[in-house]
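# What the coordinates show
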Amino acid sequence: MRQASTTLTIESRGKGLTDFTRDVVAWVREQRLEEGLLTLFCRHTSASLLIQENAAPEVRTDLADYFERIAPEGDHYAHDDEGPDDMPAHLRAALTQTHLAIPLFDGRLVLGTWQGIYLFEHRRRPHRRTIAMHLIGE
Amino acid sequence: MRQASTTLTIESRGKGLTDFTRDVVAWVREQRLEEGLLTLFCRHTSASLLIQENAAPEVRTDLADYFERIAPEGDHYAHDDEGPDDMPAHLRAALTQTHLAIPLFDGRLVLGTWQGIYLFEHRRRPHRRTIAMHLIGE
Amino acid sequence: MRQASTTLTIESRGKGLTDFTRDVVAWVREQRLEEGLLTLFCRHTSASLLIQENAAPEVRTDLADYFERIAPEGDHYAHDDEGPDDMPAHLRAALTQTHLAIPLFDGRLVLGTWQGIYLFEHRRRPHRRTIAMHLIGE
């Protein structure tokens, strides 16, 4: 059994979903494991991770719109140190995932055909986000 | 240290929760590990996974009703390729889990007395869903 | 490769977030691993886990208030065996996490500077909650 670790840097362009499936798949392939478990961990509380449909781009728009409605910006939060998008960012992170785990079978992640791995940026401004990746298996 | 992997197929009956704890527990027991980590991964973006209370059936009804309200069907989505239940299915998946991880102590999953493992189907029609299972330990 | 497991008991003081990062970090350090994966699992369906910002206490208040609004107590649930905070507790658990996974690099959890590990109690009364911890690596 062995393990491998790395950190991925993703430059978000402000609010919305960034597909980074390709980067994950490429790194996993380099490790040459046949069977195992991949874990992704987002080192931030105002961005999060999501596995979502990778075909229709409207899904990403609808998703972003939805979280804008369900955890709206506004003046009703006690915490607004970094502006009106600060607290809603934490709420949206709480409603989605800080980490993801994906098994590896036959040398490939078991992602379904329509599944992509996304960084969900919750702040208005672009941010540099770091994702820790850990793989264990053989 | 060793690992084991398999794929479970679950036939959903349309929207709602299907308890498949028994299938998971049976497979884990067959692997005869004492200590380890189980990961379940749902290979779909319109169904998801949930650990929830397994005693009162009303909990499942209330849960389904709640997600019907909080991410309702409607004509306000850009994405509706597969009908009005398409986009809400993605939202409900985003709000719950694509994967679950459960440690194994003394040969048993550490599930609490009232915890069951559920597939949460978000589409109206019945679907055949596949769940990847990975176990590592010794 | 080796693994270690333990159970942590946390006394909640009723609804709200309890930071237990310190307990987790202390236990992980004692295991003296350099690289690996930590998994935390909450053995309850009316409490959950969350990684959130650990600096401003207002974030915890806003978070608690938000979940009070988005999954409110009320008389519109079929399930109320244990009172009006029973079903909302399950909903809030479904919207957050039953488990968390955090990789370990260079002998330390990869938590970001502002990330803390929280137990999110959803019941009004104080409860004794148990969290299973599993660590694998070397």
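Anyway, here's the lowdown on the structure attached to this text.

What counts and how
Residues numbered from 1 in each chain as written. Chains lettered and ligands numbered in written order. Predicted model: local features only at pLDDT ≥ 70, side-chain atom pairs only at ≥ 80, totals over all residues. Heavy atoms only, no water. Axes fitted to C-alpha atoms, helices over the stretch in contact; angles between N-to-C directions. Helix = DSSP H or I, 4+ residues; strand = E, 2+ residues; numbered from the N terminus. Parallel < 35°, antiparallel > 145°, perpendicular 65-115°, else oblique. Left-handed = near helix turned anticlockwise from the far one by under 90°. Contact = heavy atoms within 4.5 Å. Nonpolar A, V, L, I, M, F, W, Y, C, P; charged D, E, K, R; others polar. Buried < 20%, exposed > 50% of the residue type's maximum accessible area, 1.4 Å probe, protein only. Polar contact = N/O pair within 3.5 Å; in protein donor to acceptor, adjacent residues only side chain to side chain. Buried area = accessible area lost by both parts, 1.4 Å probe. Salt bridge = Lys/Arg side-chain N within 4 Å of Asp/Glu carboxyl O. Pairing = 2+ DSSP bridges. Phe/Tyr/Trp six-rings, centres within 6.5 Å; stacked < 30°, edge-to-face > 60°. Arc of directions from axis to C-beta.

### Notes on the packing of helix α3 (residues 86-95) of chain A against helix α2 (residues 57-70) of chain C
Remark: α3(A) packs on α2(C), axes separated minimally by 10 Å, with the N-to-C direction vectors making an angle of 60°. Between α3(A) and α2(C), the crossing angle belongs to the class labelled oblique. Relative to α2(C), the crossing made by α3(A) is right-handed. Between α3(A) and α2(C), the contacting residues are Met87(A), His90(A), Leu91(A), Ala94(A) and Leu95(A) on the first element and Val59(C), Asp62(C), Leu63(C), Tyr66(C) and Phe67(C) on the second. Looking at the contact of α3(A) with α2(C), its residues break down into 8 nonpolar, 1 polar and 1 charged.

### Topic: the side chain of Ser48(A)
Residues and elements named next belong to chain A. Residue position: Ser-48 is located in strand β4 (residues 47-53). Relative accessible area serves as the criterion here: at 0%, Ser-48 is assigned to the buried category. Side-chain polar atoms of Ser-48 contact the side chain of His-122, separated by 2.8 Å. Beyond its immediate stretch of four places on either side in the chain, Ser-48 contacts Cys-42, Arg-92, Ala-93, Thr-96, Gln-97, Tyr-118, Leu-119, Phe-120 and His-122.

### Some details on the interface of chain C and chain A
With 34 residues of chain C at the interface, the matching set in chain A holds 35 residues. For the pair chain C and chain A, the summed buried area comes to about 2700 Å², and 62% of that belongs to carbon and sulfur atoms. On inspection of chain C and its partner chain A, the count reaches 0 salt bridges. Connecting chain C to chain A are 13 residue pairs in polar contact (both at pLDDT 80 or more). Contributions of two or more residues to the side of chain C that touches chain A are made by β3 (36-42), β4 (47-53), α2, β5 (99-105) and β8 (128-137) of chain C. Broken down by element, the residue count for the side of chain C that touches chain A peaks at 8 residues, all from α2(C). The class makeup of the residues in the side of chain C that touches chain A is 20 nonpolar, 8 polar and 6 charged.

### Considering the sheet that holds strand β2 (residues 16-19) of chain C
All names here are of chain C. Here 3 strands make up an open sheet; going across it, the order is β2-β7-β4 and the pairing antiparallel. Pairing within the sheet leaves two strands with one partner each, and these edge strands are β2 and β4. In this sheet, adjacent strand axes meet at a mean angle of 35° when their direction is disregarded. Pairing of β2 with strand β7 (residues 115-121), which is carried by 4 bridges, proceeds in the antiparallel orientation. By the bridge assignment for β7, Asp-19 is matched with Tyr-118.

### Comments concerning the interface of chain A and chain B
Taken together, the 34 residues of chain A in the interface contact 35 residues of chain B. Of the roughly 2700 Å² buried where chain A meets chain B, counting both sides, 63% is carbon and sulfur surface. The tally of links between chain A and chain B comes to 0 salt bridges. Summed over the shared surface of chain A and chain B, the result is 13 residue pairs in polar contact (both at pLDDT 80 or more). Every element with two or more residues in the side of chain A that touches chain B is listed here: β3 (36-42), β4, α2 (57-70), β5 (99-105) and β8 (128-137) of chain A. Element by element, the count of residues in the side of chain A that touches chain B is highest for α2(A), at 8 residues. Of the residues in the side of chain A that touches chain B, the class split is 20 nonpolar, 8 polar and 6 charged.

### Digging into the packing of aromatic side chains
Taken as a whole, this structure holds 6 aromatic pairs over all chains when the rule is applied. Geometrically, the ring pair formed by Tyr66(A) and Phe67(A) is edge-to-face, given 5.5 Å between the ring centres and 85° between the ring planes.

### What to know about the sheet that holds β5(C)
Residues and elements named next belong to chain C. Strand order in the open sheet formed by 5 strands is β1-β8-β3-β5-β6, and the pairing between neighbours is antiparallel. Edge positions in the open sheet fall to β1 (2-11) and β6 (108-109), since each of these has one partner strand only. Two strands pair when backbone bridges link them, and β3 and β8 are joined in this way by 7 bridges, in the antiparallel orientation. Bridging across to β8, Phe-41 finds its partner in Ala-132. Contacting β1, β3, β5, β6 and β8, helix α1 (residues 21-30) runs over the sheet at an angle of about 155° to β1.

### Quick look at the pairing of β5(C)
Residue and element names in this part refer to chain C. Across the 7 residues of β5, 7 count as buried, placing the element largely inside the fold. Covered by surrounding structure in β5 are His-99, Ala-101, Pro-103 and Phe-105 together with Leu-100, Ile-102 and Leu-104, the residues of both alternating faces. Bridging between β3 and β5 involves 6 bridges; their strand directions are antiparallel. Residue pairing in the sheet places Leu-37 in a bridge with Pro-103 of β5. Here β5 pairs with β6 via 2 bridges, running antiparallel. Bridged to Phe-105 within β6 is Arg-108. Hairpin connection from β5 to β6: 2 residues lie between these consecutive antiparallel strands, with Asp-106 at a positive phi of about 50°.

### Examining the environment of Gln97(A)
Looking at the element boundaries, Gln97(A) is found in the loop between α3 and β5. Owing to a relative accessible area of 5%, Gln97(A) belongs among the buried residues under this scheme. Residue contacts for Gln97(A): discarding those within four places in its chain leaves Ser48(A), Leu49(A), Ala94(B), Thr96(B), Gln97(B) and Gln97(C). Within the structure, Gln97(A) has its side chain in polar contact with the backbone oxygen of Thr96(B) (distance 2.9 Å).

### Details of α1(C)
Because the α-helix completes a turn every 3.6 residues, residues three or four places apart line up on one side. Residue and element names in this part refer to chain C. Along α1, the residues that are buried comprise Thr-21, Val-24, Trp-27 and Val-28. The buried side chains of α1 occupy one side of the element, clustering within an arc of 140° when seen end-on. Facing away from the buried surface of α1 by more than 90 degrees, the exposed residues are Arg-22, Arg-29 and Glu-30. At the exit of α1 stands Arg-32, carrying a positive phi of roughly 50°.

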